Amino acid sequence: METEIGVPAVALVTRPFKQLVDENAAKKGMPNLRVTYVPSPVWGKTAEELHGYLEGNSPVTGKPVMQEIISHLTTPLSREDRTTRTIEQSAGPAQYGPDTPENLQQLFMDKRMTDYLPIVMPTEERVAEMLNGTSHDPDEVVGKMSATPGVFEEWSYTVRTVAVNAVMAGAKPEYLPVILAIAEAGTESISSSDNSFARGVVINGPIRDEIGLNYEIGAMGPFSHANATIGRAWTLLSINGGNAAKVGTTYMGVVGNPTNWTNIVIAENETASPWSPFHVQKGFKPEESVVSILTGWGMISAKNSVHGIWAKKMDFTSQLTNIFKTQDPMFGATAVVSPVVANYLKEEGHGSMDELINTIFEGVNAEQRHFMSPRSINILVTGGYNNLYYDYGGMFYEKSVSVDKWR
Amino acid sequence: MTKYTVHDPRGFPPSVTGKRLAPRLESLDGRVLYLVDCLFDNSEVFMKQLQRWFAEHLPAIITRIITPRESWVDDPDMRKRIESDGDAAIFGVGL
């Protein structure tokens, strides 16, 4: 507004976002952006209460809110306001140390370069060993990431950056192509949003067995080294490669999300599924290894829903339809079903995934338009064979990336 | 005790190019002031109260509430409208 069309402007922002605004405005080249702060919250307040905010003083400057707004639009610019220059940013030195492991663990925490769990020290030797997991040049740029696309600046990262974070997460070199594919996707695992969003990654193809990903009992839990460390590497890369998750600036989640530590890692149980694997549904060949990114609110058990009840004759099509009707259309809905549930669904007449999704989509939208398209719905198959439990949540499919290109 | 030298795990931030602010107005009287409802929670009510405040205290300022087509998305049509007949803008409310 200010620079493109030359119209003077003021942003009204609630008090808790001051640090975020200060840093983000500076990083967008407008450190003197005119901002007036009002109390928080706005949500849940009546019209008269909000009018009171305007009649009151700024919680930051102490000046009358409206007087400050008018001043921002009418006070002539200073010389500094009219200055334009390019500022080169640097994240920091290439290396730290030599120092003791204890001091380095503390340093990484102080610099907010960890998830606050102990890390494996990314020494020269360990990073070199990790880089053996790919044929790519360590200096090759893998991708870019932002704490929230369109809001925060994009940071870029190389194969080496990804390898360093993979070491810190405790990953093995043979996992690196999967982590590089996730990195290429460029989706931050920790969004800055106050919604406390979650992220998921679906992993398909031969790589699952090559690196020992778990897709049977406890598939989404902490029961495999590969699942756990690949998910954690995504978060560490988001923190360090994408500058995400800095509380107060690039992270504002109100209550936080525990899945942000290692994310929702879903290796599909392809051989036990009655349908095509997820990556094949997205246009890849069965023999290709692929990661697919999910974004949204997270996953919970269907038993938590009044529609996920046990019955003498289970009707999973109706269950999923009724549960999905209750989901916010923003991210659509994804179900993660066990192979047993998947086969029940097949017996209910759904021989293909397209047919199943279309049936559920039409059911969800039968009374009123809810989801925009069948693309709002995903059904994934993973887990053990020991019961009929399954999970669901508002998770939207974003994109898929080849793992094989990063071998 | 063994000491280690370790890699910095961080990526590469972009360079920042400074942007110039728009010239300010001598007065808002008789000017068109767009009140941009950013579509956050309850911002519609907030911006109506802002419009009410101007009507009560500074009626010489012409205020118009405007909304982008959706939250978080740049709306060139909205920008074009502000550019064509707007003199200043207030964006609210960020939360």
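Located above this text is the structure these notes cover.
The paragraphs below set out a description of the structure included in this document. Keep in mind it's a predicted model, so treat the numbers as computed, not measured. (Residues numbered from 1 in each chain as written. Chains lettered and ligands numbered in written order. Predicted model: local features only at pLDDT ≥ 70, side-chain atom pairs only at ≥ 80, totals over all residues. Heavy atoms only, no water.)

### Some points on the overall build of chain B
Each helix and strand counted, chain B has two helices and five strands in total. Helices and strands in chain B line up, N terminus first, as β-β-β-α-β-α-β. In terms of overall size, chain B is more extended than a compact globule, its C-alpha atoms giving a radius of gyration of 21 Å where 95 residues would be expected to give roughly 12 Å. In terms of principal-axis extent, the alpha carbons of chain B reach across some 75 × 30 × 25 Å. Across the 95 residues in chain B, those meeting the buried criterion constitute 46%. Considering only residue pairs separated by 6 or more positions, chain B has 75% of its internal contacts joining residues 24 or more positions apart. Total accessible area computed for chain B in this model is approximately 4,800 Å², and 50% of it derives from carbon and sulfur atoms. With 13 positive and 14 negative side-chain charges, chain B shows a separation of 7 Å between the mean positions of the two kinds. (Helix = DSSP H or I, 4+ residues; strand = E, 2+ residues; numbered from the N terminus. Rg over C-alpha atoms; globule rule 2.2 N^0.38 Å. Buried < 20%, exposed > 50% of the residue type's maximum accessible area, 1.4 Å probe, protein only. Contact = heavy atoms within 4.5 Å. Areas by Shrake-Rupley, 256 points an atom, 1.4 Å probe, with all protein chains shown as cover. Lys, Arg positive; Asp, Glu negative; His and termini not counted. Charge placed at Lys NZ, Arg CZ, Asp CG, Glu CD.)

### What to know about the nonpolar core
Residue and element names in this part refer to chain A. Formed by 66 residues in total, the largest nonpolar core has its most connected members in Val162, Val178, Ile230 and Val291. Residue contacts for Val291: discarding those within four places in its chain leaves Val178, Ala181, Ile182, Val201, Val202, Ile203, Lys399, Ser400, Val401 and Val403. Among the nonpolar cores identified, the runner-up in size contains 26 residues, and Met314, Phe316, Ile323 and Leu345 belong to it. (Core = buried A, V, L, I, M, F, W, Y, C linked by side-chain atoms within 4.5 Å.)

### Description of the pattern of salt bridges
Residue and element names in this part refer to chain A. Going through the model one piece at a time under the given rule, you end up with 19 salt bridges over all chains. Two residues, Glu184 and Lys405, come together in a salt bridge whose shortest N-O distance is 3.3 Å. Linking Glu184 in helix α7 (residues 176-185) with Lys405 in the segment after β14 (395-402), this pair joins segments that are 221 residues apart in sequence. Using a relative accessible area of 27% as the deciding quantity, one classes Glu184 as partly exposed. (Salt bridge = Lys/Arg side-chain N within 4 Å of Asp/Glu carboxyl O.)

### Considerations on the packing of helix α11 (residues 316-325) of chain A against helix α12 (residues 339-347) of chain A
Residues and elements named next belong to chain A. In contact at an axis separation of 9 Å, α11 and α12 are set at 105° when each is read in the N-to-C sense. For the element pair α11 / α12, the angle class is roughly perpendicular. Residues Phe316, Thr317 and Leu320 of α11 touch α12, and the partners they reach there are Val341, Tyr344 and Leu345. Looking at the contact of α11 with α12 residue by residue, the classes come out as five nonpolar, one polar and no charged. (Axes fitted to C-alpha atoms, helices over the stretch in contact; angles between N-to-C directions. Parallel < 35°, antiparallel > 145°, perpendicular 65-115°, else oblique. Nonpolar A, V, L, I, M, F, W, Y, C, P; charged D, E, K, R; others polar.)

### Points about the sheet that holds strand β2 (residues 35-38) of chain A
Taken in spatial order, the five strands make up an open sheet running β2(A)-β1(A)-β5(B)-β3(B)-β4(B), and their pairing is parallel. Of all strands in the sheet, those with a lone pairing partner are β2 of chain A together with β4 (62-66) of chain B, marking the two edges. Neighbouring strand axes in the sheet, compared pairwise and without regard to direction, differ in orientation by 20° on average. In terms of strand pairing, strand β1 (residues 9-14) of chain A meets β2(A) through four bridges, oriented parallel. The residue bridging A:Ala11 from the neighbouring strand is A:Val35, located in β2(A). (Pairing = 2+ DSSP bridges.)

### Side note on helix α9 (residues 225-241) of chain A
Residues and elements named next belong to chain A. Its 17 residues give α9 an end-to-end C-alpha distance of 23 Å, which sits within 8% of 24 Å, the value for a rise of 1.5 Å per residue. Across the 17 residues that make up α9, a large majority, 15, are buried. The N-cap of α9, judged by a side-chain oxygen 3.2 Å from the amide nitrogen of Ala226 a few residues on, is Ser224. One or two steps after α9, the chain reaches Asn243, where phi turns positive at roughly 55°. (Expected span 1.5 Å × (residues − 1). Polar contact = N/O pair within 3.5 Å; in protein donor to acceptor, adjacent residues only side chain to side chain.)

### Comments concerning the sheet that holds strand β9 (residues 290-296) of chain A
Hydrogen bonds between backbone groups are what pair the strands of a sheet, and the pairing can be parallel or antiparallel. Residue and element names in this part refer to chain A. Strand order in the open sheet formed by four strands is β8-β7-β9-β14, and the pairing between neighbours is mixed. At either margin of the open sheet sits one strand with a lone partner, and together these are β8 (264-267) and β14. Strand-to-strand twist across the sheet, computed as the mean angle between neighbouring axes with direction ignored, equals 20°. Pairing of strand β7 (residues 198-204) with β8 involves four bridges; the strand directions are parallel.

### Here we look at helix α5 (residues 124-131) of chain A
Within the span of α5(A), buried status applies to A:Val127, A:Met130 and A:Leu131. Looking straight down α5(A), one finds that the buried residues subtend no more than 100° of arc, so they occupy a single side. Structurally, α5(A) contributes buried residues whose contacts are with α6 (159-169) and α7 of chain A together with β1 (4-7) of chain B. (Arc of directions from axis to C-beta.)

### Quick look at the interface of chain A and chain B
The interface of chain A with chain B comprises 90 residues on the first partner and 55 residues on the second. Summed over both sides, the interface of chain A with chain B buries roughly 6,500 Å², with 65% coming from carbon and sulfur. In this structure, the connection of chain A to chain B is made through three salt bridges. Between chain A and chain B we count 26 residue pairs in polar contact (both at pLDDT 80 or more) in total. Ranked by residues supplied to the side of chain A that touches chain B, first place goes to helix α2 (residues 47-55) of chain A with seven residues. (Buried area = accessible area lost by both parts, 1.4 Å probe.)

### Let's talk about the packing of aromatic side chains
Residues and elements named next belong to chain A. What the rule picks out here adds up to eight aromatic pairs over all chains. Consider the rings of Phe316 and Tyr344, whose centres lie 5.6 Å apart with planes at 50°: the pair is tilted. One end of the pair, Phe316, is in helix α11; the other, Tyr344, is in helix α12, and 28 residues separate them in sequence. With a centroid separation of 6.0 Å and 70° between ring planes, the pair formed by Phe316 and Tyr390 is classed as edge-to-face. With Phe316 in helix α11 and Tyr390 in strand β13 (residues 390-393), the pair connects residues that are 74 residues apart, well separated along the chain. Grouping residues by exposure puts Phe316 and Tyr390 together as buried. (Phe/Tyr/Trp six-rings, centres within 6.5 Å; stacked < 30°, edge-to-face > 60°.)

### Focus on the side chain of A:Gln319
All names here are of chain A. Looking at where Gln319 falls in the secondary structure, it is placed in helix α11. Taking relative accessible area as the criterion, Gln319 reaches 6% and is therefore assigned buried. A polar contact of 2.8 Å, which involves the side chain of Gln319, links it to the backbone oxygen of Ile309. For Gln319, the contacting residues outside a window of four places in its chain are His307, Gly308, Ile309, Met314 and Tyr390.

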